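Structural overview for review
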Amino acid sequence: PAKAISTIHKAKCLGCDSVIVVPCDAQTFPDSQEARCLLYVARSRAKRHLMLVISQNAPSPLIMI
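The structure reproduced in this document is the subject of the present report. Each chain carries its own residue numbering, running from 1 in the written order of its sequence. Residues qualify for local features only when their pLDDT is at least 70, as the model is predicted, and side-chain atom pairs are given and counted only at 80 or more; totals for whole chains, interfaces and linings, by contrast, use all residues. Only hydrogens and water are set aside when side-chain values are computed; all heavy atoms of the structure are taken into account.

This paragraph deals with the overall build of the chain. Secondary structure is summarised from DSSP: a helix means a run of H or I of at least four residues, a strand means a run of E of at least two, and numbering begins at the N terminus for each. Assigned secondary structure in the chain consists of one helix and two strands. The size measure is the radius of gyration over C-alpha atoms, and the globule rule it meets is 2.2 Å times the number of residues to the 0.38 power. Against the globule reference of 11 Å for 65 residues, the chain gives a C-alpha radius of gyration of 12 Å, in line with a compact fold. Referenced to the eigenvectors of the C-alpha coordinate spread, the extents of the chain come out at roughly 35 × 20 × 15 Å. When the 65 residues of the chain are sorted by exposure, 22% land in the buried category. Only heavy atoms matter for contacts: two residues are in contact if any of them lie within 4.5 Å across the pair. Look at the contacts in the chain between residues 6 or more apart in sequence, and 80% of them connect residues 24 or more apart. Of the side-chain charges in the chain, 8 are positive and 4 negative, and the distance between the mean point of each set is 10 Å. Burial classes: relative accessible area under 20% of the type maximum marks a residue as buried, over 50% as exposed, and values in between as partly exposed (1.4 Å probe, protein chains only). We count Lys and Arg on the positive side and Asp and Glu on the negative side, and we leave His and both chain ends out. In plain terms, the charge of a residue is placed at NZ if it is Lys, CZ if Arg, CG if Asp and CD if Glu.

Below, the structure is given as structure tokens:
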């Protein structure tokens, strides 16, 4: 399809021109090995554009702002 909404788990082995990761907050991506792996999978799906929607109040500790 031209556009799709998917979970990170279902996006493994798929590539997309543009990827938006929502939300990138401390609850979704805490400082843990599992969260690091999930964030890597999410980021590596983008072929051209990557947008991370980062919380201003509670950003993920894995992302430097």
